[in-house]
Every structure is written in structure tokens, then in C-alpha cells.
Amino acid sequence: MSVPGWAAELAAELDGALVRGIVTCAVARPPERLRAVLAGRLARNASTDVGEVVAELAGRAPSGVEAQVERAAVALLRDRARVLAVGRPGYPPALATAWPELGAPAWLFVRGARGDGGPAVAVVGTRRPTADGLRTAHELGAFLAAAGVCVVSGLARGIDQAAHRGALSAGGTTVAVLGTGFGVDYPARDGRVRAAIAEAGSLVTEYAPGTPPRPWQFLWRNRIISGLSEAVVVVEGLTRSGALHTARLAAAQGREVFGVPGSLHAPASSGPLALVRDGARVLTRFDDVLELLCTSSLSSDASGAAAERSHRPPEPTAVDVSPAAGWVGELLGAQPAAPDELAAASGLPVAAVLAALGELGGRGLARHTPRGFVAGGD
Amino acid sequence: MIGRARTVAVIGLRAVAVAVEAHVGPGLPSFCVIGSSGTAAHEAALRVRTSLTDLGVALPARRVLVSLAPADVPKAGARFDLAMGVAVLAALDVIGEEALATTALLGELALDGSVRPVPAVLPAAAALPAEGIGRLLVARENAAEAALVDGLVVLGVASLAEAVAVLRGEAEVAPTRPPAAGAAPALGGDLADVRGQAEARRALEIAAAGGHHLLLLGPPGCGKSMLARRLPSILPPLDREQALEVAAIRSVAGLYVGAPGQTEPLLDRVPAFRAPHHSASSAALLGGGTGIARPGEVSLAHHGILFLDELLEWPRGVLDGLREPLEEGVVRVSRARGLVSYPARFQLTAAANPCPCGGGDGCACPDDVIWAHRSRLSGPLADRLDLAPTLAPLRVGELVAAAAGESSATVADRVARARALAAAREGAGGIGGRNAGADPAFLRRTARTGALRVLADAVEAGELTGRGYDRALRVARTCADLEGSELIETFHAMEARAHRLQLRTGNRAAALRRGDRGGAGVRR
């Protein structure tokens, strides 16, 4: 098989044939399919070296993908992306320990500056956080970044982005693991934050350039978020959410899991609370994370069994309100939130937030305290 | 032989024509002024007599009597000097009677005969055309101010000698042209400088559009004053009539006198922004002083903004004096010499810390302490406020990714459109499209039933008083106007309700706490 010029250019640390194989696999076969190949090799006790696995997978690629492969390679070159393969230099060592059984990706496409192997912590949570949760994520991101810890998250709106932004605001590094390929505007219209992360940290994906968002891809990439990190902090999330999925994977990979405690009445805190009940650590102050990083390195302990069971989230309030009021109502928790924070969290204009608060107040679903609005009646 | 000259007294903003009569007749040689009480008359006599001597007029060795009529109008100050001197000269036949028939004179005489400026020239001049007087002689420094009045020929003179020459037709003084309207931009800066603070910006816009009273709550350094100072930049400019009213008040307050370094344009179209310190006395705030009360800050802020920083630091007694002007747009000040009322239709903009510790990011004060702090704001005053946005400490500004704010021009445009809509509503009773003064009964007819129910519910829930209901209704009307909506929709009322919610003082919270304890008792 001849190796085209682009493969040599992309292959900073790999051989050109491997790069070509990786790009071909990524284009022709979703990475999820790799599991079948791997399982086969494990079953017959064959080598799980990435070169052989990729070669096998690439060999099954349908003919006629050549043009697509070329396009993907050009896109990677344009983005100045690098290609990393498990077991080869440059691949994140923390993640490599999860190969092959624990789901480490065979390859990664990386855009951005960061390449060092310093400590990393994932800060994850729901896309529909409360204002208090957003604040926690932002401050935790900034705190960790200021301490020299790389903040890993998934770039989703809400908690994830707040954590990224917090790290950026502190001038630290942050890594966003994407559920799409490069060159896809997702989350839509958040190009500025993507660019900022690529500038100060890196964007990571295992999908070929241009791969559109599909629901399962986001769940599947969560293993990379936890795998890159020594600990996972779940700020907010429902009991059946992507964030909890990440926490579960983290526990399976032997990562420490932290839950940020919240009110019993806040649906958004039900996820972290469930994690804590199942053995995750309680985040009582930001320092807890740093202390853990100092004392342990990738050792598995009691949290291994965290969060296996599922439970029902609290009953949503069954009062009929306008969509905006419902949306704002979900953001309210036990911690007071100012209308500004609610507007920022919901993306609604502040006038609409105020109208929603007036409506919720009238229905006994929101209450004004000197520090802001909280959920619940008088 | 009697000489007559005309001049004007000003009591508050009210001008009263005063006739000056001088009589030179038999009697012991003397110079006597009557019709004015106190030492002012004696001093005037000395000044006028000396000026006449300087002029080279030999006063005859007879009794010179000068009378100011009507006698029961309080006359203070030296503003009648020029008229008195001229009246004496008329009595001595130096000046012909016909030259003085339709001419008024205002000015203080210096010992060397020069004419000095006096306060309250504008309200005095404004009353002249109605009195059939078409010409006014004033000190040069006062001429521009007097020339603001239509239909009046204003001649600025430097000395008594010049005044005499003009009145004798021996000299020509070009009539003073009216000054150009002040086109100075608002000084407070542009709203684009304010980052984040979406709620406060929204409240500011509503306040500007409806003339509502505003309380900005926020920790020190979060930009409360910064925001308040930008309010004039989004208010529509004053019309000529309003600007004249404001100028008249400033004139009475003496802000135009002694013109060197006068910083304010005479006819200022930009709404005033007055920011008295919380150590200001009741007299300074509301008006007062000996004799005839002078206008206070509330009147200087007429058609503009009265900004009270650190509202909770103000003595309660002083603040309670704001109730009348807040409700009626006038302030009445009673003094021994009479009752004076000044217009005071200002827009109250106040600022306060949310908590005794300042309420910054690390504030850990319990809610009780915060409520106690808030309850220092008197309930009746709180009830007269309309909006109380909370400004975030700068942290949230970062969280919101600090989008650059809209510019003042953009917001001013929306405000102007909302005002135009309000002004076009007949019978609303608001002034210049300010819903804050609109008749609630009328506004109710422009609201959907659902909107009224929202507010009625709030009254029932104890969130609003009767007056609060009217005020919330007006705020809702302004929200609707800002959106260009004919009717007050339900969500406009809801927004108004949320704004009012944030205005609560501690009283209700205390009631709530009692309720909580009661509830807990039942559960046990």
C-alpha cells in the first residue's frame, strides 16, 4: 500500500502507513465498530497493537472511500491537527492505561497546543444547570487551572462550558473532548469558545473531520473525558444523565469521582447526590480535588462501584406554566440566583426572565430572598 | 414731582411686578426707601445714593422718598437698585417718563455706579410680556439669561450711566440675542461602557421610558453610580418649555449669577443629574433658607434625575420629606414670610448596598441581618419606588462572558419610541409620555384581564399595597410601550411584579419568619 504525502505530513510521530490507516478507519468505520475487531482479537489471543488493529479495520473499509479519506486528511492538515495512536509516543499516558479492555480510543485527533502530561481533572455536568451550578463549575474550572491542573470536559452548553471558561479565565489549560469531528459547528454558534480552547489547550476527538453530532457519539466519547482525567467532578446532573454516565465510566476506569452536594429539592443535584450515596467523594471545598491529586495516582478504591443503580429523579412540579417560566423554574434551586445569572444560564432576555419570575412567584414556585430568587413558595 | 420705574420681585418662581416711585419734595434733606422691610431698604438707599453721586447728579437738598409697591410683597436683595436709581432720576427730570413706561429694570448697583447681576432674572423676565412691558434693562451678565424669554427686548448695561444714556436715547445698545440651546451631550458617559448587568440595564431602560423611580442594589464597586450617571444619556431631551422651567429654577437658585466659569448652558436640553451627598440637610434637599425658601436639590433635579447614593445612610426624616414631591411633583416649603412651592418632578434614582457588610462575593451575612438592613428603608418610601434591580459583583460579569453592552443611542431610541407611544395615548394623564404620572384608572383600560389578575393576585398575596398596585401597573404599561404593544399583556404584568418583588423591605420577611415558625410548630 503506497503512503500518500499527506500521511507523512500528518505523521509527526507515527509512520505514514499507520496515519493513513487511522484516517481511513475513522472515515469508513465509526470508532464504535472497533470494539468488534478488538473483541475478536482478544478472543483469539492475537496482538492488540494499534498498528495491527487499525490495519485489520482499514482492510475492511469499503472500496471507494479514497476521495473521502483524502478530504478528511486535507481538513486535518488545514486544522493543523495531530494524529495520535494508542501505545505510540504522544498518546496521553493516563488514557493509555485503559487500552484495550477499558475502552481507550485507538486513535485521537488533536487540535491545539497542549501536549504535556500534567494532572488533569474532568468537570462535567448537565446542559441544563442551575445558576448556582454554573457558578460552581466556573469557579472550580478557574481554581483548578490556577493550580496548574488541566480541566477536561465535553464542551456542552451549561456546566461543561462553564468549566472550560473558568479555566480559560484563569489562564490555564483545558481540554474539550468532542462528540463530533472537527469542522462541525456543535454546540452551534459556540465557535469562539472552541477557538479559545484550541488556543489555550486542545480539542480532542476520535471522529473523522466533518462527522455530524449523533446522540450515541456523546455517550461514547465520555470514556475519553474520564480516561484523560485523574478525577471526575460531577457538578450537577439528573440521575440518568451523560454526566453520571461519565462518572460511571470513571469509576470503572479507576478514577476518583466527586459529587458536588446540592439541595434535596434541586433536581439538578439528584445526580451528584446519588453518586455520593453510592460511594463517591463529597466535594466540600475545591481544595479536596487538589489534595486527592497529591495523595493518589490512578488508584482505584471504594468508588469503583459508584453509581451503578439508577433511581428516579424527584417529581417535576406539575403546575402548568409558560415555557419560559418552566425553563427558568428548572434553573432555580435552593441557592439564590439573580435574574442576571438566570438570564445567562437560560439564554433568555432578562425581561423574559423577570416575567417568568413574576409568573413563578405568583404560582408559589419561586420566592424572592435578599440574595436572589430560589425555588419554592413562601 | 414723582418719577416712576418698573421692576419685578420673585417669590419662589412667582414673579410680581413692582412699581418704584420716587418723590423729591419738601422736608429735611434725606434719602429714604419704604415698602421694603428690614435692613435691605437702608442698604439699598445707601447704594443708590452713592451711585447717583458718582454719576454727577447733585441730589437736591430736599427729601427723597423711594417707595416700592405693593408693600406687602417680600422684597429681599439688591435687585431693585437700578430701578430705584432710575426712578429718582426720573423724578429729577433727567429721564423722561415715556421712556420708562414699558421698560423694566433689574440690577444691583455698585458704589461706583456699575450694574451687577442678580439671581432669578429669568422668572422675572418671563412675567414681563404679560404685564405689557417690552423692554428690560439688566446687568450685562444677566442679559443672555433674560433673552431666553420670547417677545422681550433685553438690553445689557454695564453701569447706571449707560442705563441713563440708553433711556435718554443718547446711546444705542444692541438687544441681546437669545443664547443657543445647550447642545452639550450628556456628561455621564455611554451605556456601552457598562458590561453585563442585564437586569439593571433593563430596569434603567424601563425607568427612562416611563419616568419610574429606581433603586439600584449592589455591593460597592459593582457600578451603581456608573449606571445611574448614564441615565440622562438615554432620556429624551427636554422640550423648550421644560428646559425653560429648569432654567428658571436654576436662576432662582443663583446658579447663573456671577457668571465667571458658569459651566451649565443657559437652556440645557439634557435632563439634570443631581447627586447630593447623604450628609445634605433637609433644607438643602427639599429647599429652604431664611426669608424666602430657595429651591433644593429636588427642584434642581426637576425633569431630571435625583441620585441618592447610599440611600440607607440618609436620615429617615430627610427621606420622608421626599414623599410629597415624589407623589405630587411639587415641593412646598413654608417660611415665616410665606409658603413657596417649587416644581420637583424628578426621577428618583437611588443606590444602596444589599447588606451591611457591603454584600460582596464573600458575604455570609444571615438573611435576618440583610432584612434588618433593608428595613432601614422606610416602607412608605419603598412603596413609592418602582424598580429595584440587583447588580452583580463583577464575577458574574465574567460568567456572562461580558458581552459589550448596547450603546446609549440604541437604548435612547427605544425609550423615545416608547414615550411617543405613551404620549399618543389620550387622557393617560402622563406628562410627556411618562407613564409614572399616568392615571391608573385609564391604564387599567389598556390592560388585558389576565394582566390585571396577575397584579390583583399580588395584592392578595401581600406583595403589593394599593399604591404598589398602581405603580406596578404603570411599570407594566411601560414594559408594553417598550415592546410597542397596545395592550398590557400578562407577561408585562408579570415582569412588573418581579420588579416589585425585589423592592420588599424587611416587614414582610418578618411576617414570613413568624409564619415559618408557626408552620414548624404545627408539624411538631
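This text goes with the structure placed above it.
To keep things clear, this report deals only with the structure shown in the data block.

Cut-offs and rules
Residues numbered from 1 in each chain as written. Chains lettered and ligands numbered in written order. Predicted model: local features only at pLDDT ≥ 70, side-chain atom pairs only at ≥ 80, totals over all residues. Heavy atoms only, no water. Helix = DSSP H or I, 4+ residues; strand = E, 2+ residues; numbered from the N terminus. Expected span 1.5 Å × (residues − 1). Buried < 20%, exposed > 50% of the residue type's maximum accessible area, 1.4 Å probe, protein only. Arc of directions from axis to C-beta. Contact = heavy atoms within 4.5 Å. Phe/Tyr/Trp six-rings, centres within 6.5 Å; stacked < 30°, edge-to-face > 60°. Lys NZ or Arg CZ within 6 Å of the ring centre and 35° of its normal. Pairing = 2+ DSSP bridges. Core = buried A, V, L, I, M, F, W, Y, C linked by side-chain atoms within 4.5 Å. Domains from an automatic or database assignment.

**Here's the deal with helix 17 (residues 408-424) of chain B**
Residues and elements named next belong to chain B. The terminal C-alpha atoms of helix 17, which comprises 17 residues, lie 24 Å apart, in line with the 24 Å expected from a rise of 1.5 Å per residue. Ser 408, Val 411, Ala 412, Val 415, Ala 418, Arg 419 and Ala 422 are the residues of helix 17 that are buried. For helix 17, the arc enclosing every buried residue in end-on projection is 125°, short of the 170-degree limit, so these residues lie on one face. In helix 17, those exposed residues whose orientation departs by more than 90 degrees from the buried face are Ala 409, Arg 417 and Ala 424. Where the residues of helix 17 are buried, they touch helix 7 (198-210) and helix 20 (466-482).

**Focus: the packing of aromatic side chains**
Residues and elements named next belong to chain A. Going through the model one piece at a time under the given rule, you end up with three aromatic pairs over all chains. Measuring from ring centre to ring centre gives 5.3 Å for Tyr 186 and Phe 218, while their planes differ by 45°; the resulting arrangement is tilted. Taken together, the residues span a long stretch of sequence, with Tyr 186 in the loop between strand 5 (174-177) and helix 9 (191-200) and Phe 218 in helix 10 (residues 215-228) at a distance of 32 residues. Here Phe 218 falls in the buried class, since its relative accessible area comes to 19%. Directly above the aromatic system of Phe 182 lies the positively charged group of Arg 111, at a separation of 6.0 Å from the ring centroid. Above the plane of the ring of Trp 220 lies Arg 223, whose end atom (NZ or CZ) is 3.8 Å from the centre.

**As for the sheet that holds strand 11 (residues 273-274) of chain B**
All names here are of chain B. As summarised here, the arrangement of the four strands in space is 10-17-14-11, forming an open sheet in which the pairing is parallel. On the outer flanks of this sheet lie strand 10 (214-217) and strand 11, each paired with one strand and no other. Bridging between strand 11 and strand 14 (residues 305-308) involves two bridges; their strand directions are parallel. If you follow Arg 274 over to strand 14, its bridge partner there is Leu 306.

**Let's talk about the nonpolar core**
Leu215(B), Leu308(B) and Leu322(B) are the most contacted members of the largest nonpolar core, which totals 107 residues. The element that contributes the greatest number of residues to this core is helix 2 (residues 81-91) of chain B, accounting for nine residues. Two domains each provide a minimum of three residues to this core, namely domain 1 (2-167) and domain 2 (191-520) of chain B. In contact with Leu308(B), not counting residues within four places along its chain, are Pro276(B), Leu285(B), Trp314(B), Leu319(B), Leu322(B), Leu348(B), Thr349(B), Ala350(B) and Ala351(B). One finds Ala26(A), Leu34(A), Val37(A) and Val175(A) within the second-largest nonpolar core, a separate group that totals 69 residues.

**Some points on unusual backbone geometry**
For the bond from Tyr186(A) to Pro187(A), the omega torsion is -5°, close enough to zero to count as cis. With respect to the element layout, Pro187(A) can be found in the loop between strand 5 and helix 9. Residue Pro70(B) is reached from Ala69(B) by a cis peptide bond, and omega for that bond is -5°. Of note, Pro70(B) is situated in the loop between strand 4 (63-69) and helix 2.

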